[in-house]
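Chains, contacts and geometry: an overview
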Amino acid sequence: MATLVSFFKALLIASLWPSSLSQINVQPVLRHHAERQQYTVPTAPPPKPSSANTSSLTMAELGVNGIFPGLTVTADSGGKRTECGIGALMPWNDHLYMVSYLSVPEGGNGTGLYKIDDKFMMTKIADHRSTYANRLLHKETSRIIIGAWTIDSKGNMDTFEELLKYRVAATAEHLTHPERLVYMLGMDGPLWECDVIRMNCTLLFDLVKTLGIPASAGEQPHFKAAHTMNGRLVVTSNTFEEADFVGFQHGGRLAEWKGPGHNWTILASTAFVEVTGRRNFGRVIYALGWDAASVILKVFDGSNSDYSFWQTYRLPKGSHAYDHLWQTEWPRIREVETERYLMDMHGLFYELSPLGWAGSTWGLRPISQHLRMIPDFTSFRGFLVLGGNQVSSIFDNNVVTGQSQSGLWFGKTDDLWSFGKPQGWGGVWRRTVVRAGEPSDPYLMTGFDHKVLHLYSNQNLTDTLGVRVEVDVTGAAGRMPTEDWLPYTTLYLYPHQLYVSHVFPTGYSAHWIRLVADADCFVTAYFHYT
């Protein structure tokens with residue numbers, strides 16, 4: 001019976017099926033496919049007939065979800081095995097330049113400087129055995145600096161021979177002679193002054209000693225970024241280990257120097273990884289770091305003397321898998337759409353405006369959560385390009401990894417919204433001595449669905465402690481004279497009740513939130529956003 005039913009079904013289908021494919025109007029389907037292709041990343045072409053010569057399909061033409069295996073950089077499998085991350089990306093003279101890095105100089109083989117052309121074909125143009133994550137457009141000589149090399153607008157290269165054995169984290173413009181000099185910041189603390197014409201370098205400082213980093217006590221220097229703006233050179237080091245977490249000692253630094261005749265000023269003694277800014281739009285400098293409580297965003301508004309001081313904001317951590325100095329590889333703030341910033345920090349992408357008005361930081365909101373390690377990202381031929389540090393043997397400490405390698409991801413900026421909904425946690429206080437009436441730093445509140453505040457005392461109480469919760473709804477963080485912080489509620493801790501939580505109503509949001517205690521205390525205030 002079943003066989004008979006199947007037979008009649010086959011007859012019915014045959015009677016309804018057109019006798020020729022020409023009877024099927026495929027144009028709307030093709031047109032829809034063509035329109036859709038305009039908004040998708042390149043994918044693998046349709047399979048060719050088995051009789052065709054498929055050897056013409058190169059790996060550079062094969063793409064899966066924005067990943068192109070032909071544009072992968074690798075370290076050699078023989079000899080020492082460490083990392084092969086992508087330290088810097090720089091579009092220049094119709095190419096995308098890319099430099100890969102080892103963990104330490106001479107710690108492996110196979111890394112180099114590469115260029116990718118308009119056909120997305122990759123060529124290795126220099127070999128090296130070191131660590132580079134620096135890139136800068138030296139506008140005065142119309143060349144880029146990436147790693148230990150300069151490349152002019154016609155593609156001619158030159159080499160800083162003295163830097164081939166050093167780890168170079170950042171390049172910054174010179175304070176007094178930008179027409180031919182730049183600063184080069186080494187990961188281990190040296191700060192050089194380099195001549196881009198003569199291609200030589202002079203050591204100016206050992207920043208480990210100058211900034212008092214307790215290297216002899218076990219704090220490993222790990223400098224990451226440098227930026228020159230508003231008459232100052234700002235540098236970062238992201239040292240953060242167990243001693244930093246428990247508060248025993250502090251090896252990270254955010255510091256600035258105003259040039260010859262001035263001493264260095266330490267702005268913060270915790271891990272900082274990025275500093276950047278534009279010279280217009282209010283001349284705002286942004287610096288990114290973290291401590292045991294949260295991510296930290298430091299802001300310097302250089303447009304008005306009334307606000308020419310560093311301000312501090314706090315943001316959630318999207319993951320604790322970025323807390324150690326080794327786990328945090330050059331998170332960036334980069335311009336990827338004209339006059340708009342994209343910020344990556346601790347597993348969260350944010351959009352950020354380069355401008356600041358009246359001492360306020362505008363436009364910061366989370367985009368997505370992710371688990372990628374992204375040492376650099378940029379724009380190239382309409383794509384958003386994310387560099388990576390995918391898998392590393394780390395001197396064979398990772399024995400299930402045979403070969404270190406990293407690739408690129410090509411997509412659209414808007415694709416980031418599909419990575420993962422923003423979630424995170426962090427606090428304004430964590431085992432913190434708080435003074436009565438002294439407000440906490442502003443903490444980001446916008447862009448997350450569900451929000452909970454946990455408040456507890458880290459010591460016994462003899463009296464009731466009140467903590468006032470205040471919100472900012474405009475984004476000015478109370479810095480506009482007529483836009484003050486708004487009272488939301490007051491939470492209380494008692495000698496018999498040292499912990500309280502508050503669940504914010506679904507849909508409730510403000511831009512920033514802060515806390516104010518009515519007495520001296522030793523407390524933790526932690527937010528969970530889900």
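It should be noted that the structure appears before, not after, this text.
As the structure is a computational prediction, the values presented were derived from the model and not from experiment. All residue numbers here refer to positions counted from 1 along the written sequence of the relevant chain. Whole-chain, interface and lining totals are the exception, using all residues; otherwise, since this is a predicted model, local features are given only for residues with pLDDT of at least 70 and side-chain atom pairs are given and counted only at 80 or more. Heavy atoms throughout the structure, all of them, feed into the side-chain values; hydrogens and water do not.

1. Notes on the overall build of the protein
Of regular secondary structure, the protein possesses four helices and 40 strands. The proportion of buried residues among the 530 residues of the protein is 51%. By definition in these notes, contact holds between two residues if any of their heavy atoms fall within 4.5 Å. For the protein, the proportion of contacts with a sequence separation of at least 24, taken over those separated by at least 6, is 61%. Throughout, the Shrake-Rupley method with a 1.4 Å probe supplies accessible areas, and for residues the shown protein chains are the sole cover considered. If you sum the accessible surface of the protein, you get close to 24000 Å²; carbon and sulfur atoms cover 54% of it. The way it works is that DSSP assigns letters per residue, a run of H or I at least four long becomes a helix, a run of E at least two long becomes a strand, and they are numbered from the N terminus. Accessible area is worked out with a 1.4 Å probe on protein chains only. A residue is then buried under 20% of its type maximum, exposed over 50%, and partly exposed in between.

2. A closer look at the nonpolar core
Within this scheme, the nonpolar core is defined by two criteria: the residues are buried Ala, Val, Leu, Ile, Met, Phe, Trp, Tyr or Cys, and they are joined through side-chain atoms within 4.5 Å. Within the largest apolar cluster, 50 residues are counted, with the highest numbers of intra-cluster contacts made by Leu297, Leu315, Met343, Leu364, Trp429 and Ile513. Per-element tally for this core: the top contributor is strand E40 (residues 521–529), with five residues. When near neighbours in sequence (up to four residues on either side) are disregarded, Trp429 contacts Val434, Ser440, Val467, Leu515, Val516, Ala517, Val523, Thr524, Ala525 and Tyr526. Among the nonpolar cores identified, the runner-up in size contains 25 residues, and Ala88, Leu113, Tyr132 and Ile144 belong to it.

3. Description of the state of the cysteines
Any two cysteine sulfur atoms lying within 2.5 Å of each other are counted as a disulfide. The tally for this structure, following the rule as stated, stands at one disulfide. Bridging Cys194 to Cys201, the disulfide has an S-S length of 2.2 Å. What sets the handedness of the Cys194 and Cys201 disulfide is the S-S torsion sign, and at about 110° it is right-handed. Like Cys201, Cys194 is buried.

4. A short note on the packing of aromatic side chains
Any Phe, Tyr or Trp ring, taking Trp's six-membered ring, that has another such ring centre within 6.5 Å forms a pair; planes under 30 degrees apart are called stacked, those over 60 apart edge-to-face, and the others tilted. In the structure shown here, the tally under the stated rule is 25 aromatic pairs. Ring plane angle 75° and centroid distance 5.2 Å describe the contact between Tyr101 and Trp330, whose orientation is recorded as edge-to-face. With a gap of 229 residues between them, Tyr101 in strand E3 (residues 95–101) and Trp330 in the loop between strand E22 (310–315) and strand E23 (333–337) connect regions that are remote in the sequence. A relative accessible area of 1% places Tyr101 in the buried class. Seen in terms of ring centroids, Tyr166 and Trp192 are 5.0 Å apart; in terms of plane orientation they differ by 70°. Their pairing is edge-to-face. Here the residue Tyr166 occupies a position in the loop between strand E10 (157–159) and strand E11 (167–173), and Trp192 occupies one in strand E13 (residues 190–195), the gap between them amounting to 26 residues. On the basis of relative accessible area, Tyr166 is assigned to the partly exposed category, the value being 40%. An aromatic cluster of at least three residues, connected via ring pairs, comprises Phe68, Phe120, Phe380, Phe383 and Phe410.

5. Thoughts on the sheet that holds strand E2 (residues 85–92)
One requirement defines pairing of two strands: DSSP has to find at least two bridges between them. Judged by pairing direction, the sheet is antiparallel, and its four strands sit side by side in the order E2-E3-E4-E5 without closing on themselves. Every interior strand has two partners, whereas the edge strands, E2 and strand E5 (122–127), have only one. Each adjacent strand pair in this sheet contributes to an overall mean axis angle of 25°, direction not counted. Interaxial angle, 0 to 180 degrees, is taken between N-to-C directions of lines fitted to C-alpha atoms, where a helix line uses only the stretch in contact.

6. Structural notes on unusual backbone geometry
Of note in the backbone geometry, Glu339 takes a positive phi value of approximately 60° without being a glycine. Along the chain, the position of Glu339 falls in the loop between E23 and strand E24 (340–345). With a relative accessible area of 39%, Glu339 lands in the partly exposed category. Despite not being glycine, Phe395 has its phi angle at roughly 55°, a positive value. With respect to the secondary-structure elements, Phe395 resides in the loop between strand E30 (383–386) and strand E31 (405–406). Residue Phe395 is classed as partly exposed on the basis of its relative accessible area, which comes to 39%.

7. Topic: the side chain of His174
When you line up the elements, His174 lands in the loop between E11 and strand E12 (181–186). Within the structure, the side chain of His174 is placed 3.1 Å from the backbone nitrogen of Thr176, a separation counted as a polar contact. Pairs of N or O atoms within 3.5 Å make up the polar contacts considered here, provided that, within protein, one atom can donate a hydrogen while the other can accept it, and that residues adjacent in sequence are counted only when both atoms are side-chain atoms. Reaching out from His174, the side chain makes a polar contact with the backbone nitrogen of His177 at a distance of 2.9 Å. Not counting residues up to four positions away in its chain, the partners in contact with His174 are Leu181, Val182, Tyr183, Glu193 and Thr228.

8. So, the pairing of E22
In terms of burial, E22 is a largely internal element, six of the six residues being buried. Side chains Trp310, Thr312 and Arg314 project from E22 onto one buried face, and the interleaved Gln311, Tyr313 and Leu315 project onto a second face that is buried too. Taken together, the six bridges between strand E21 (residues 295–301) and E22 define a ladder with antiparallel strand orientation. By the bridge assignment for E22, Val299 is matched with Gln311.

9. Structural notes on the sheet that holds strand E7 (residues 135–138)
Judged by pairing direction, the sheet is antiparallel, and its four strands sit side by side in the order E7-E8-E9-E10 without closing on themselves. Across the chains shown, the open sheet's two edge strands, defined by having one partner strand only, are E7 and E10. Looking at each pair of strands side by side, their axes are set apart by 20° on average, direction ignored. Judged from the four bridges that link them, strand E8 (residues 143–146) and strand E9 (residues 149–152) form a sheet pairing that is antiparallel.

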